[in-house]
Protein chains: 2
Amino acid sequence: MKEQHKPLQQYLAEQAGRIEDALKTAIPANWDVPDKLKDAMMYSIEAGGKRLRPVLVLAAAEAVKGDAQASACALPVACAVEMVHTYSLVHDDLPAMDNDDYRRGKLTNHKVFGEAMAILAGDGLLTHAFYVAAQATRQHGVPAETTLAVIEDLARLAGLPGMVGGQAADVLGEQGVTSAEELRSIHLRKTSALISFSLVAGGRIGGADDRQLDALSLFGRNIGLAFQIQDDILDLIGDEQKLGKKVQSDLRQNKVTYPYLLGMDESRKEMARLTAEAKEALARAGLADPGRLLEIADYLMGRDR
Amino acid sequence: MKEQHKPLQQYLAEQAGRIEDALKTAIPANWDVPDKLKDAMMYSIEAGGKRLRPVLVLAAAEAVKGDAQASACALPVACAVEMVHTYSLVHDDLPAMDNDDYRRGKLTNHKVFGEAMAILAGDGLLTHAFYVAAQATRQHGVPAETTLAVIEDLARLAGLPGMVGGQAADVLGEQGVTSAEELRSIHLRKTSALISFSLVAGGRIGGADDRQLDALSLFGRNIGLAFQIQDDILDLIGDEQKLGKKVQSDLRQNKVTYPYLLGMDESRKEMARLTAEAKEALARAGLADPGRLLEIADYLMGRDR
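On a predicted model such as this, the values are computed, not experimentally measured, just so you know.

What follows is about the environment of Ala276 of chain A. Residue and element names in this part refer to chain A. With respect to the element layout, Ala276 can be found in helix H14 (residues 264–283). A relative accessible area of 43% means that Ala276 is categorised as partly exposed. The spacing of Ala276 and Ala169 is 107 residues in sequence and 28 Å in space, taken between C-alpha atoms.

Here you go:
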């Protein structure tokens, strides 16, 4: 049976499983690291959800090469992006930031390990992500130029013009966001940047050319925004059991969301438009096998958690 | 006049000046970054002291090559290590960690910008350090393999078996450190790791062989410990004006220090022993021009701030 024909749910579960296995051994066993710090890091890593970002790294590498084996070299970078995503959640949940006690139905890091250890667990995850990314070359023979380009992208898109800058804009603009344009600019940095990174990184490792990298980047930007809109919609109308958190929590916290600014209908239309544009750009880019990525775009729009 | 004959104070001031100039433009001007975030990052960067770590990067590159021009390629990595050092101070000062209001006579980051922005400024400095390090290849033609090795070292020595792990051990062991061995293990990670990184990184960029890198690493480890012992001694007997903080603050905070555990005389002897061993290892490593590094080792031991 061709890889392509495997049902999407099975594909996503298998890729998430590979990533979770790799994450379990991401800290070298011979390093002297305080157990409590490792426990705090692994607590939040293991509390992970869909593993969307790392799955996209692997899927992009496979799409470019047209080969399901192509993603083995991309596994270190997949782990790195999940570590960066996890650190951002741990720091965002801190009392000085969003002050959240629960995430995905589990106590947040600082509620279990204390604030000091949560700050350090986040710092550790972020720092170690760059070590793990470098293993693409050290352990899998990816050319050093490629890994260096991936690391530069990661530091940019997780950094000042990306995730950290978006989070700062969000903190600074709290309650002050009044236009869909402003909200879009924050989400492009907070969410899309790292999703876009994942696709481009997988593409680089799979050997994509510049035109293909551009298409993967646009695809990531758009499905990242669509993903965020669906998050906002699910927060309003979702199933609390499936989401692992109370619905309408954004409303209670007076958070400015897409449905709040545009209404539910317009939000759904915008999500569909973004997804269609993403798929079109990708379909035109001449990837060896874009099918799985196209399926994922549709899946993200239709998900219920 | 040969570079080597310039007085050490002049050399250190000139190198610090080069680094400070480069740090001013370390954030690309065309990036869209919230002003407040940039301000918070630059506030702590500009509050910097001796710029010891980045100066060591440059001095190591020059020592290996025997050429004062050799350090231009090392400037991005010098900036990167100063950014990592600065992030660690910003996060260490947070209320949940050491809860310090002043550092080097200035208000700490969170006292000026608030806790949320201080956490993000630290995250931003750490993330951006890896972007800046990658510019060694992008802008100065350092081989990608070399820059990747530097980045891997940085993520390790600033990370779990290095600075983050040492800070975690310090937080966990607060008041519980009872032996010089334990104290040494914490300082090796909290202080020596990044100083050692600086020397090895400069060495890599200067083209050092493995034997030379080992000597630079040992030199860094030892002068890092000696530096910490002198810090502890200055805290007890130093000049408040020069230090920019109250003396005996460690005593008041019940911090376990070298003089506390070993006495003043034994602490001074240990510092001298570490420095002598460092210099001996370096002198035997066959560097083209180790003179400046040897001078710096002596200077660190004798400093009064």
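That was the structure; now back to the text.
For helix H8 (residues 163–173) of chain A, a buried count of eight out of eleven residues is recorded, marking the element as mostly surrounded by other parts of the structure. Along H8 of chain A, the residues classified as buried are Met163, Val164, Gly165, Gly166, Gln167, Ala168, Ala169 and Gly173 of chain A.

Bringing the pattern of salt bridges into the picture now. The final tally for this structure, using the stated rule, is 36 salt bridges over all chains. Across the pair Glu266 of chain A and Lys269 of chain A runs a salt bridge, and its minimum N-O distance is 3.6 Å. Taken as a pair, Glu266 of chain A and Lys269 of chain A lie in helix H14 at a separation of three residues, close to a single helical turn. Residues Arg51 of chain B and Glu82 of chain B are paired through a salt bridge, measuring 2.8 Å at the closest nitrogen-oxygen approach. Residue Arg51 of chain B is found in the loop between helix H2 (35–46) and helix H3 (52–65), and its partner Glu82 of chain B is found in helix H4 (residues 75–92); the two are separated by 31 residues along the sequence. Each of the two residues, Arg51 of chain B as well as Glu82 of chain B, counts as buried. Bridged by salt links that share partners, the residues Glu20, Arg51 and Glu82 of chain A form one connected network.

Once that is clear, we can look at the relation of the copies chain B and chain A. For these two chains of identical sequence, chain B goes onto chain A by a turn of 180° and a shift of 0.0 Å along the axis, with RMSD 0.0 Å. The superposition of one copy onto the other is thereby described by a two-fold rotation axis. Residues of chain B ranked by C-alpha distance from the rotation axis are headed by Ala144 of chain B, positioned 2.8 Å from it. Comparing interface residues between copies, 100% of those in chain B also sit at the interface in chain A, which points to an isologous, same-surface contact.

In this section: a nonpolar patch on the surface. Nonpolar side chains collect at one region of the surface, where Tyr102, Leu107 and Val112 of chain A lie side by side and expose about 280 Å² of accessible area between them. Position of Leu107 of chain A among the secondary structure elements: in strand E2 (residues 106–107).

Packing of helix H6 (residues 115–140) of chain A against helix H8 (residues 163–173) of chain B brings their axes to within 10 Å, and their N-to-C directions diverge by 165°. When the axis of H6 of chain A is compared with that of H8 of chain B, the two are roughly antiparallel. Like other packed secondary-structure pairs, H6 of chain A and H8 of chain B cross with a definite hand, here left-handed. Side by side, H6 of chain A and H8 of chain B meet where Ala116, Met117, Leu120, Asp123, Gly124 and Thr127 of chain A of the first sit next to Val164, Gln167, Ala168, Val171 and Leu172 of chain B of the second. Considering only residue class, the contact of H6 of chain A with H8 of chain B consists of seven nonpolar, three polar and one charged.

Conventions used here
- Residues numbered from 1 in each chain as written.
- Chains lettered and ligands numbered in written order.
- Predicted model: local features only at pLDDT ≥ 70, side-chain atom pairs only at ≥ 80, totals over all residues.
- Heavy atoms only, no water.
- Helix = DSSP H or I, 4+ residues; strand = E, 2+ residues; numbered from the N terminus.
- Buried < 20%, exposed > 50% of the residue type's maximum accessible area, 1.4 Å probe, protein only.
- Salt bridge = Lys/Arg side-chain N within 4 Å of Asp/Glu carboxyl O.
- Least-squares fit on C-alpha atoms with pLDDT ≥ 70 in both.
- Contact = heavy atoms within 4.5 Å.
- Patch = residues over 30% accessible without salt bridge, like charges linked within 9 Å, V, L, I, M, F, W, Y side chains within 5 Å.
- Areas by Shrake-Rupley, 256 points an atom, 1.4 Å probe, with all protein chains shown as cover.
- Axes fitted to C-alpha atoms, helices over the stretch in contact; angles between N-to-C directions.
- Parallel < 35°, antiparallel > 145°, perpendicular 65-115°, else oblique.
- Left-handed = near helix turned anticlockwise from the far one by under 90°.
- Nonpolar A, V, L, I, M, F, W, Y, C, P; charged D, E, K, R; others polar.

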